[in-house]
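Close look at the chain arrangement
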Amino acid sequence: MPAVLQKWMTIVLVANFMFAPILGYVDSLHREAVEVVLHEGAKKASIEGRFTEEIIADMRSELVEDYNFDPDKIDINATKNLTYRNEYIEGSIEVPRGPIFLFDIFISGPRTIKKDTQVLSEYIN
């Protein structure tokens, strides 16, 4: 292997391993953000008996404004039909996952972050 190529490969590997902890930390923060936003939306939806358009818009807005997700790439699926007390309401958020390595030569895991939740409705007619 030529010396120049060997040095280049070494630099690429060292750079990847230097930034991997930081990028991994950012990934874990994004996962936590998605989970918290979904959980908070589900609490509101439980009282309303469904995920209203306002609740979904608030969840999307929080992900965009507070966590810098691309609004066009946020996929929110949720129960929009009125659900009465003691029946389940479901919701999920899926967003693109950021890089874990500086150079995308080590492909690891899924390309998206997806969180699901299920909560009992507290809506009484």
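Everything below is about the structure shown above.
Residues numbered from 1 in each chain as written. Predicted model: local features only at pLDDT ≥ 70, side-chain atom pairs only at ≥ 80, totals over all residues. Heavy atoms only, no water.

**Details of the overall build of the protein**
A count of helices and strands for the protein gives two helices and three strands. The order of α-helices and β-strands along the protein, N terminus first, is α-α-β-β-β. For 125 residues, the compact-globule estimate of 2.2 N^0.38 gives 14 Å, and the protein exceeds it by more than 25% at 20 Å. Summarising its shape, the C-alpha atoms of the protein cover approximately 75 × 25 × 20 Å along the three principal directions. Counting the 125 residues in the protein, one finds 29% classified as buried. In the protein, the share of contacts with a sequence separation of at least 24, taken over all contacts with a separation of at least 6, comes to 64%. Surface accessibility of the protein: about 8300 Å² in total, with carbon and sulfur atoms responsible for 56%. Here the protein contributes 13 positive and 20 negative side-chain charges, whose respective centroids are spaced 6 Å apart. (Helix = DSSP H or I, 4+ residues; strand = E, 2+ residues; numbered from the N terminus. Rg over C-alpha atoms; globule rule 2.2 N^0.38 Å. Buried < 20%, exposed > 50% of the residue type's maximum accessible area, 1.4 Å probe, protein only. Contact = heavy atoms within 4.5 Å. Areas by Shrake-Rupley, 256 points an atom, 1.4 Å probe, with all protein chains shown as cover. Lys, Arg positive; Asp, Glu negative; His and termini not counted. Charge placed at Lys NZ, Arg CZ, Asp CG, Glu CD.)

**Quick look at helix α1 (residues 3-48)**
If you check α1, its first and last C-alpha atoms are 66 Å apart, about what 46 residues at 1.5 Å a residue would give, namely 68 Å. Of all the bends in α1, the largest measures some 40° and sits at A20, one to four residues before the proline P21. Following α1 by one or two positions, G49 has its phi on the positive side, about 85°. (Expected span 1.5 Å × (residues − 1). Bend = angle between axes of the 7 residues up to and from the residue.)

**Thoughts on helix α2 (residues 53-67)**
For α2, which comprises 15 residues, the first-to-last C-alpha distance of 20 Å matches the rise-based estimate of 21 Å (1.5 Å per residue) to within 8%. Those residues of α2 lying buried are I55, I56, M59 and L63. Around the axis of α2, the buried residues are gathered within 105° of arc, so they sit on the same side. Those residues of α2 that are exposed and aimed more than 90 degrees away from the buried face are E53, E54 and E65. Elements in contact with the buried residues of α2: α1, β1 (75-78) and β2 (88-96). After α2 finishes, the residue N68 shows a positive phi value of roughly 60°. (Arc of directions from axis to C-beta.)

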